[in-house]
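# Residue-level structure breakdown
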Amino acid sequence: MTTTAADLVARRPKSERVIEFGLSAAALVGVVTTIGIVVVLVYQTIGFFTQVSIVEFLTGTKWSASITPYAWGILPLVAGTFVVAGIAMVVGAPLGLLAAVFLAEYASDRTRNTVKPILEAIAGIPTIVLGFFAINWLTPVVLKPLIPGIGGFSALAAGIVVGILITPLITSLSDDAMRAVPRSLREGAYAMGATKWEVIRSVVFRAAISGIAASLILAVSRAAGETMAVYLAAGTNPQLTLDPRQSVETMTVFIAAVSLGDTPSTSIQFQSLFAVGATLFAITFGLNILSERIVRRFRTHY
């Protein structure tokens, strides 16, 4: 007698079927929630673009959502977001990768088990605390004496604290990727006379490049989505500038600032939240797709 898949499912213990149902339900909740978010974003964004030209929105160089005359050019918000994220990567990427190399290749097990939890604890610090750190110590004590022309709020201060925030993410993922490289590859390089740094640079890095690249792109997404630390450190001045000494406004900061106010739900200002949110969603979604393609490409080649 032939046993079908349905028979095998029926023979499984009831507890196992309950667990499988719970896991499937949890996955379904995530899918439904994501679909709901996208539907709301699209619906409200369409309502916004019935009143504002999409060309003006994507190419305009002035943003003013609270003071008339209103201006809906999102480029200042996009520029502020990328300036802060870029500075954060300049700070976080070297620190994160160097820490990952130390933990994966140089640190003893005892040191690694001590240092890595401390690094990862930084990710648990409330971001608003880092924002207060920026405005009460980093900007007035460190940056103002060193950099002429920097104000009380600046993209530089925001980028530095966000860089500190994303360092543990880069370190953890890159460390895991490097430790996953087979020991035999290292030993083969040593047998050919390579030094430790040459092994790290030419063998470990090349073999772990997919995980390292993914960690960097995920860190960019994390930096672009940061809100409270940037809110306090960079201010709320939507201007199209690449000068890190200037106060800027990012997309997430605008969303937070307007959401905390008394904006009527039927106003164009409220609908602009969803248009900005949809733009940020598209950017982060594109970064995630890029990350996945990079991982697949390097996994194929290495």
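Predicted, not measured: the structure shown is a model, and the values here were computed from it. (Residues numbered from 1 in each chain as written. Predicted model: local features only at pLDDT ≥ 70, side-chain atom pairs only at ≥ 80, totals over all residues. Heavy atoms only, no water.)

Time to look at the overall build of the protein. On a plain count of helices and strands, the protein comes out with 13 helices and two strands. Seen through its C-alpha atoms, the protein measures out along the principal axes to roughly 70 × 65 × 35 Å. Looking at the protein as a whole, 40% of its 302 residues are labelled buried. The contacts of the protein with a sequence gap of at least 6 include a subset with a gap of at least 24, amounting to 70%. Summed over all atoms, the accessible surface of the protein reaches about 16,400 Å², with 67% contributed by carbon and sulfur. In the protein, 21 side chains carry a positive charge and 16 a negative one; their mean positions are 5 Å apart. (Helix = DSSP H or I, 4+ residues; strand = E, 2+ residues; numbered from the N terminus. Buried < 20%, exposed > 50% of the residue type's maximum accessible area, 1.4 Å probe, protein only. Contact = heavy atoms within 4.5 Å. Areas by Shrake-Rupley, 256 points an atom, 1.4 Å probe, with all protein chains shown as cover. Lys, Arg positive; Asp, Glu negative; His and termini not counted. Charge placed at Lys NZ, Arg CZ, Asp CG, Glu CD.)

All right, on to the pattern of salt bridges then. A full pass over the atoms with the stated rule returns seven salt bridges. Ionic pairing is found between Asp 175 and Arg 112, a salt bridge with its closest N-O pair at 2.4 Å. You can see Asp 175 sitting in helix α7 (residues 155-179) and its partner Arg 112 sitting in helix α5 (residues 109-122), a full 63 residues away along the chain. The exposure class assigned to Arg 112 is buried, which follows from its relative accessible area of 14%. The partner of Arg 222 in a salt bridge is Glu 226, with the nearest N and O atoms 2.8 Å apart. (Salt bridge = Lys/Arg side-chain N within 4 Å of Asp/Glu carboxyl O.)

Turning our eyes to something else, we now look at the packing of aromatic side chains. With the rule as written, the count across this model stands at eleven aromatic pairs. With a centroid separation of 5.8 Å and 40° between ring planes, the pair formed by Tyr 70 and Trp 72 is classed as tilted. Looking at Tyr 70, the relative accessible area reads 37%, which means it is partly exposed. The exposure class of Trp 72 is buried, given its relative accessible area of 6%. (Phe/Tyr/Trp six-rings, centres within 6.5 Å; stacked < 30°, edge-to-face > 60°.)

Our focus in this paragraph is the packing of helix α4 (residues 75-106) against α7. In a pair of packed helices, the angle between the axes and the distance between the axes together describe the arrangement. Orientation of α4 relative to α7, taken along the N-to-C sense of each, is 35°, at an axis distance of 5 Å. When you trace α4 past α7, the crossing you get is right-handed. The residue inventory of the contact of α4 with α7, partitioned by class, reads 23 nonpolar, seven polar and three charged. (Axes fitted to C-alpha atoms, helices over the stretch in contact; angles between N-to-C directions. Left-handed = near helix turned anticlockwise from the far one by under 90°. Nonpolar A, V, L, I, M, F, W, Y, C, P; charged D, E, K, R; others polar.)

Turning to helix α2 (residues 14-49), a few remarks are in order. Between its first and last C-alpha, α2 extends 52 Å over 36 residues, near the 52 Å set by a 1.5 Å rise per residue. Residues of α2 that are buried: Leu 41, Gln 44, Thr 45, Gly 47 and Phe 48. (Expected span 1.5 Å × (residues − 1).)

For soluble globular proteins, nonpolar side chains are generally found buried alongside one another. Within the largest apolar cluster, 43 residues are counted, with the highest numbers of intra-cluster contacts made by Val 162, Ile 166 and Met 178. Elements with a contribution of two residues or more to this core: α4, α6 (127-146), α7, α9 (196-207), α10 (209-224) and α11 (228-234). Per-element tally for this core: the top contributor is α7, with twelve residues. Excluding residues that lie within four positions of it along the chain, Val 162 makes contacts with Val 84, Ala 88, Ala 223, Glu 226 and Val 230. Core analysis: the second largest hydrophobic core is formed by 19 residues, Ile 74, Phe 274, Ala 275 and Leu 280 among them. (Core = buried A, V, L, I, M, F, W, Y, C linked by side-chain atoms within 4.5 Å.)

On to a nonpolar patch on the surface. Side chains of Leu 28, Val 31, Val 32, Ile 35 and Val 39 sit close together on the surface and give an oily, nonpolar patch of about 450 Å² of accessible area. Structurally, Ile 35 can be placed in helix α2. (Patch = residues over 30% accessible without salt bridge, like charges linked within 9 Å, V, L, I, M, F, W, Y side chains within 5 Å.)

This prediction gives the protein a mean pLDDT of 84; 93% of its residues lie at or above 70. Taking the mean pLDDT of every element in the protein, the minimum, 56, falls on helix α1 (residues 5-11) and the maximum, 91, on α4. (pLDDT = per-residue confidence, 0-100.)

On to the environment of Ala 99, then. In this fold, Ala 99 is placed in helix α4. The buried category is assigned to Ala 99, whose relative accessible area is 17%. Setting aside residues up to four positions removed in sequence, Ala 99 forms contacts with Leu 119 and Thr 171.

Our next topic: the packing of α6 against α7. Packing of α6 against α7 brings their axes to within 9 Å, and their N-to-C directions diverge by 130°. Taken together, the axes of α6 and α7 lie oblique to each other. Seen along the crossing, α6 lies across α7 with a hand that is right-handed. Here α6 contributes Thr 127, Leu 130, Phe 133, Ala 134, Leu 138, Thr 139 and Leu 143 to the contact with α7, which in turn contributes Leu 156, Ala 157, Ile 160, Val 161 and Leu 165. (Parallel < 35°, antiparallel > 145°, perpendicular 65-115°, else oblique.)

With respect to the secondary-structure elements, Ser 272 resides in helix α13 (residues 268-301). Of the residues examined, Ser 272 reaches a relative accessible area of 0% and is grouped as buried.

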